[in-house]
Amino acid sequence: MKFEYTDGHNKDFIELCHGLDEFLNELVGGEENRAEYIQYNKLDDIHDVVIAYDNDIPVGSASFKKYDDENAEVKRVFVKEEYRGQGISNELMKMLEQRAREKGFKYFILESGEPLVSAMALYRKIGYKVIPNYGQYVNMEESICMKKKL
């Protein structure tokens with residue numbers, strides 16, 4: 001497995017994001033059931049991405065974008081189903097946290113939800129704590145927001 005830093009315009013990252021969207025649609029019973037979240041997952045503001053490759057096949061990715069001067073927001077964390085359980089998401093998050101520290105961010109924040117069982121377990125395991133919902137997620141009851149000091 002090899003890991004590469006890139007940006008939100010990378011074709012492999014875009015392909016993995018489509019896979020994430022398909023996974024989320026299946027999980028919640030269709031795109032219409034997550035419609036209010038889609039607007040917050042655009043790739044335009046994502047400049048920092050890590051992609052995991054099995055040989056030359058993109059199998060997972062994670063990214064972040066600037067939220068404010070201290071906080072970066074984790075976005076679009078995904079590992080293809082057949083590669084889950086191998087520690088790839090954990091390594092993606094470690095590398096993402098390192099990149100955010102290098103860029104001067106003090107905290108990572110993120111939004112997730114209980115239906116994302118594996119993601120929630122990962123975030124808790126690596127030190128993320130539940131916080132009050134922030135920004136656009138304040139009035140979204142299904143959202144769970146988390147934070148970690150980098």
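Note that the structure is predicted; figures quoted are calculated from it, not measured.

Engineer: Got a minute to help me understand the sheet that holds strand β3 (residues 57-66) in this structure?
Structural biologist: Sheets are built from strands that pair by backbone hydrogen bonding, the pairs being arranged parallel or antiparallel. Judged by pairing direction, the sheet is mixed, and its seven strands sit side by side in the order β1-β2-β3-β4-β5-β7-β6 without closing on themselves. Looking along the sheet, the strands with just one partner apiece sit at the ends: β1 (2-6) and β6 (129-131). Direction aside, the axes of adjacent strands within the sheet are offset by 30° on average. Of the pairings in the sheet, the one linking β3 to strand β4 (residues 71-79) comprises six bridges and is antiparallel in character. If you follow Ser61 over to β4, its bridge partner there is Phe78. Each of β1, β2 (48-54), β3, β4, β5 (107-112) and β7 (144-149) is contacted by helix α3 (residues 88-102), which is oriented at about 35° to β3, the strand it contacts most.

Engineer: How should I be thinking about a negative patch on the surface in this particular structure?
Structural biologist: A grouping of Glu22, Glu26, Glu81 and Glu82 is seen on the molecular surface, where their side chains present a negatively charged patch. Its location among the elements puts Glu82 in the loop between β4 and α3. With a relative accessible area of 56%, Glu82 lands in the exposed category.

Engineer: Where do I start with helix α4 (residues 117-125) in this structure?
Structural biologist: Since one α-helical turn is 3.6 residues long, residues separated by three or four positions face the same way. Residues Met120, Leu122 and Tyr123 constitute the buried set of α4. Buried residues along α4 cover an arc of 160° about the axis, so they all sit on one side. Relative to its buried face, α4 has exposed residues pointing more than 90 degrees away, namely Val117, Ser118 and Lys125. Check the buried side of α4 and you find it contacts β4, α3, β5 and β7. Two residues or fewer after α4 comes Gly127, characterised by a positive phi angle close to 105°.

Engineer: Help me understand the nonpolar core, please; the structure alone is not making it clear to me.
Structural biologist: Note that soluble globular proteins tend to have their nonpolar side chains buried in a common cluster. Ranked by internal contacts, the top residues of the largest apolar core, which has 27 residues, are Val74, Met93, Leu96, Phe108, Tyr123 and Tyr128. Elements with a minimum of two residues in this core: β2, β3, β4, α3, β5, α4 and β7. Considering each element in turn, this core owes the most residues, six residues, to α3. With residues near it in sequence (within four places) discarded, Tyr128 still touches Val74, Met93, Glu97, Phe108, Leu110, Tyr123, Met146, Lys147 and Lys148. Ranked by size, the runner-up nonpolar core spans 10 residues in total, among them Cys17, Ile51, Tyr53 and Phe78.

Calculation notes
- Residues numbered from 1 in each chain as written.
- Predicted model: local features only at pLDDT ≥ 70, side-chain atom pairs only at ≥ 80, totals over all residues.
- Heavy atoms only, no water.
- Pairing = 2+ DSSP bridges.
- Helix = DSSP H or I, 4+ residues; strand = E, 2+ residues; numbered from the N terminus.
- Axes fitted to C-alpha atoms, helices over the stretch in contact; angles between N-to-C directions.
- Contact = heavy atoms within 4.5 Å.
- Patch = residues over 30% accessible without salt bridge, like charges linked within 9 Å, V, L, I, M, F, W, Y side chains within 5 Å.
- Areas by Shrake-Rupley, 256 points an atom, 1.4 Å probe, with all protein chains shown as cover.
- Salt bridge = Lys/Arg side-chain N within 4 Å of Asp/Glu carboxyl O.
- Lys, Arg positive; Asp, Glu negative; His and termini not counted.
- Charge placed at Lys NZ, Arg CZ, Asp CG, Glu CD.
- Buried < 20%, exposed > 50% of the residue type's maximum accessible area, 1.4 Å probe, protein only.
- Arc of directions from axis to C-beta.
- Core = buried A, V, L, I, M, F, W, Y, C linked by side-chain atoms within 4.5 Å.

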